[in-house]
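# An overview of the molecular structure
One-letter residues, chain by chain:
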Amino acid sequence: METYESIKKWKDAHISSYLLSNVSLNEFHDQVMLKVLHVAMGKIEWSKPPCEFIWFITGSGGRFEQGLISDQDHGIVYEISNEENDQYFKVLGEELSYGMDCVGYPYCNGNIMSSNPIWCKSLEQWRTQIIHWMENESWESIRYLQIFYDARVLYGNTNYIQQLKSIILEYQLEHPSLLSRFVANVKHIKSVIGPMGQILVEQHGVYQGCINLKYAAFLPYVNSIRLLSIKEGVYKTSTLERIEQLKKKVRYKDLLQYSFENFSTLITYRMSLFHSKNYDDTHYLNIKKLSKEQRKQLKRILKDGKKLHDSVVELTFLKS
Amino acid sequence: MEAVQVLMDNLWVGIGAILVFFMLGGFILLEAGSTRMKNAGHIAGKTIFTAGIGTLVFWAVGYGFIYGDGNPFIGLSNFFYGDASAPEGGLTTAVDFSFQVMFALVSLTIAFGGFAERAKLSVYVIFAILFSAFIYPVVAHWIWGGGWLAEHGKQDFAGSTVVHLTGAMAALAATMILKPRIGKYNKDGSSNVLAGHNQVYTTLGVLILWVGWFGFNGASTFGVADGFFGYVILNTQLAAGAGAVAAMFTAWAKTGKADVPTTLNGALAGLVAITASCGFVAPWAAVVIGLIGGIMVVFSMQLFEKLKIDDPIAALSVHGTVGVWGTLSNGLFALPALSTDIDWGQAGLFYGGGWEQLGVQALGVVASGAYAFVISFIILKIMDKVMGGLRVSEEEEIMGLDMSEHGSYGYPEQMALEEAKLTTAATKEKFS
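Residues numbered from 1 in each chain as written. Chains lettered and ligands numbered in written order. Predicted model: local features only at pLDDT ≥ 70, side-chain atom pairs only at ≥ 80, totals over all residues.

Here we come to the environment of Gly-52 of chain B. The residue Gly-52 of chain B is located in helix H2 (residues 40-67) in this model. Residues Gly-52 of chain B and Ala-128 of chain B, spaced 76 residues apart in sequence, show a C-alpha to C-alpha distance of 9.4 Å. (Helix = DSSP H or I, 4+ residues; strand = E, 2+ residues; numbered from the N terminus.)

A word on the domain arrangement of chain A. Residue and element names in this part refer to chain A. As assigned here, chain A comprises domain 1 (4-175) and domain 2 (187-318). Here domain 1 and domain 2 have C-alpha centroids that lie 25 Å from each other. Taken residue by residue, the interface counts 19 residues in domain 1 and 14 residues in domain 2. Ranked by the residues each element gives to the side of domain 1 that touches domain 2, the list is headed by helix H7 (residues 160-174), at 5 residues. Classifying every residue of the side of domain 1 that touches domain 2 by side-chain character gives 8 nonpolar, 6 polar and 5 charged. (Domains from an automatic or database assignment. Contact = placed C-beta atoms within 7 Å. Nonpolar A, V, L, I, M, F, W, Y, C, P; charged D, E, K, R; others polar.)

Relative to the assigned elements, Glu-27 of chain A resides in helix H2 (residues 22-43). The spatial distance from the C-alpha of Glu-27 of chain A to the C-alpha of Gly-61 of chain A is 9.9 Å, given a sequence separation of 34 residues.

All names here are of chain A. Compared with an ideal rise of 1.5 Å per residue, which puts 20 residues at 28 Å, helix H9 (residues 213-232) spans 27 Å between its outermost C-alpha atoms and is within 8% of the ideal. A maximum bend of about 45 degrees is found in H9 at Leu-219, where proline Pro-220 lies one to four positions downstream. Of all 20 residues in H9, 16 are buried, a share of seventy percent or more. Immediately downstream of H9, the backbone of Gly-233 shows phi near 65 degrees, a positive value. (Expected span 1.5 Å × (residues − 1). Bend = angle between axes of the 7 residues up to and from the residue. Buried ≥ 20, exposed ≤ 12 C-beta atoms within 10 Å, placed from the backbone.)

Another point: the interface of chain A and chain B. Each side of the interface is counted separately: chain A has 10 residues, and chain B has 11 residues. When its residues are assigned to classes, the side of chain A that touches chain B shows 4 nonpolar, 6 polar and no charged.

Next up on the list: the sheet that holds strand S2 (residues 74-78) of chain A. All names here are of chain A. Strand order across the open sheet formed by 4 strands is S3-S2-S1-S4, with mixed pairing between neighbours. The open sheet has two free edges, formed respectively by strand S3 (120-122) and strand S4 (152-155), since each of these has just one partner strand. Going across the sheet, the axis of each strand differs from the next one's by a mean of 30 degrees, ignoring polarity. Here S2 runs beside S3; their pairing, made up of 3 bridges, is parallel. By the bridge assignment for S3, Ile-76 is matched with Cys-120. Contacts between helix H4 (residues 83-103) and the sheet are confined to strand S1 (53-57), S2 and S3, with S2 contributing the most and set at about 165 degrees to the helix. Helix H5 (residues 123-136) rests against S2 and S3 of the sheet, and its axis sits at about 110 degrees to S3. (Pairing = 2+ DSSP bridges. Axes fitted to C-alpha atoms, helices over the stretch in contact; angles between N-to-C directions.)

Further remarks concern the UniProt feature "domain: Ammonium transporter AmtB-like" (unreviewed entry) in chain B. Per the UniProt record, the feature "domain: Ammonium transporter AmtB-like" (unreviewed entry) sits at residues 12-411 of chain B. With 68% helix and 0% strand, residues 12-411 of chain B has its two end C-alpha atoms placed 39 Å apart. (UniProt positions renumbered as here; feature names shortened; annotations may be inferred.)

Written as structure tokens, this is what we have:
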């Protein structure tokens with residue numbers, strides 16, 4: 001019988017053979033997490049779930065961009081709220097967070113986990129909560145909405161997530177000001193190209209001379225592509241798939257001309273960092289170790305990312 | 001009329017002495033703000049008692065070594081200086097002494113910048129005595145006391161070389177022997193920021209130094225005739241402003257962030273740079289000198305960091321590197337109207353003075369810098385051997401010099417809190 005310990009052992013033993021591509025690595029993570037779900041379900045008293053439910057992951061996992069190690073981001077949507085169901089999914093949510101931690105997905109600092117009642121609700125409660133988030137428009141609730149928009153179903157056969165995302169789309173079409181709130185939430189990006197056109201690197205510490213890929217390179221792409229996806233009702237979660245869908249619209253063709261290629265390259269760079277044991281390590285790329293050509297390419301990608309980000313901010317602000 | 005002028009001259013230099021002494025207040029805030037909380041009381045307090053030691057030594061022998069009758073290397077009279085005499089038509093001995101002693105204290109305080117956060121208290125005591133007797137006075141004699149560099153025509157209006165470079169060279173010797181603070185460098189050679197605990201203190205410290213500099217430079221006219229001190233103050237102000245602006249833009253261009261401590265060091269760099277030239281150059285040249293000083297200080301700080309020379313207060317860059325530039329700038333920008341035409345030295349390279357004055361300035365820098373560095377290094381090395389190391393133990397450095405050297409923290413409540421956290425963590429670890 002499988003346990004968290006045995007899953008962890010299996011994961012640690014096999015993960016290195018999935019480091020060749022981003023897709024295989026993320027499929028492997030999915031597999032591991034599904035195993036955790038099954039063990040968790042087996043561990044609680046009920047013989048089987050009392051109603052339909054889905055378990056989703058979000059964050060980098062939701063976007064299918066998980067690295068070697070990342071913290072857990074997940075939630076549950078279940079069919080109907082009643083005393084028994086509420087109790088079951090509360091216990092399952094807590095068990096899942098614990099199990100994920102055991103297997104090597106550390107607890108999420110932002111508490112985006114099924115063990116948090118905010119992220120474990122019935123469909124109806126979710127609907128209310130999402131509308132509340134949109135009406136509330138606070139910095140935190142807007143951030144929650146963006147996180148939710150990256151949700152991808154890992155277990156379950158119903159289209160709950162799609163239903164919930166469509167609420168966001170409809171609301172957003174009626175209330176264009178919402179988009180501006182989304183923009184404001186991600187407007188700030190770390191500046192990576194200096195006034196003299198140089199790549200800005202960490203000045204001190206053990207990552208001296210490195211750039212932080214996550215903040216400097218990935219986020220401008222991830223955030224601006226998500227913004228466009230919310231605006232256009234694209235329900236895909238991976239940034240690359242979102243770009244492909246968005247590119248089909250003529251008005252984005254120029255804007256996104258290089259985005260797919262750039263983002264794929266970034267993923268490749270990050271894959272090249274996957275040999276370290278430390279979570280932080282996988283974000284830091286030492287540009288001194290790159291060839292001149294690579295540095296040039298990276299600089300172009302960073303510049304494109306900033307341009308994309310600025311254009312999307314402008315675009316979404318203007319239309320609102 | 002003449003009597004009034006003599007009185008005014010004495011009064012002005014007396015005010016200058018007060019202003020220069022108040023610069024120590026600036027250093028207290030600058031140094032304390034630039035270092036960590038656990039050393040704040042120590043850093044501030046040591047400035048007061050080393051000022052005490054420096055004053056006594058300067059009175060006993062320092063002043064005599066500079067201005068006494070002697071040879072081109074050192075003066076040898078006027079020990080235990082001072083009386084109530086008032087020579088006709090000049091400064092009283094007491095006013096002159098008061099002004100001079102403050103410069104020595106400033107130089108001493110600059111030197112101690114290189115000792116910050118790791119030297120034993122006893123090291124401060126001994127080095128304060130030796131520096132005030134054998135290092136500062138010798139260089140000051142060479143340039144200001146009629147020594148051999150003065151004979152060569154070295155121009156240093158208020159002390160870019162004498163005060164700033166001398167202090168910085170002692171600081172360099174100290175940093176090299178003391179080695180970097182714990183945690184400054186990682187095993188792979190990269191460096192960490194050991195951020196100062198209070199940028200507001202540091203900023204206020206810089207502003208106080210800036211104000212004090214009006215005395216430092218302005219009263220170095222030694223009189224009020226023609227109101228020339230106003231011109232000196234104008235140049236000082238322009239260079240300081242230019243230094244701050246230049247450093248901020250340089251930091252921003254390099255890193256994308258307008259770093260506050262760097263900007264502050266830029267203002268100081270402007271001040272140090274103009275010190276040698278404030279009475280010699282045109283206002284536009286003061287701006288140029290300040291701008292270059294402000295840019296230099298940023299790169300100099302980076303260079304020292306790369307060389308693994310841990311300089312917590314940036315004393316080496318601000319007073320050393322920029323002190324050199326300030327002295328050389330005199331050989332470039334000195335106006336004939338403020339030098340040759342009034343029998344007050346030579347014009348600079350850009351005004352037909354040729355390479356000669358620049359050469360003299362360079363010689364002054366090299367000779368003074370080398371003397372201050374070598375003697376400081378030897379003295380500190382001997383102290384190192386005799387005193388069983390210059391540096392506090394690792395444990396003491398971690399607990400902070402406030403506690404290890406003085407028995408109480410500058411921020412008692414804060415540090416008690418930190419300690420409590422540490423103890424709880426340690427206990428938890430043990431019993432869980």
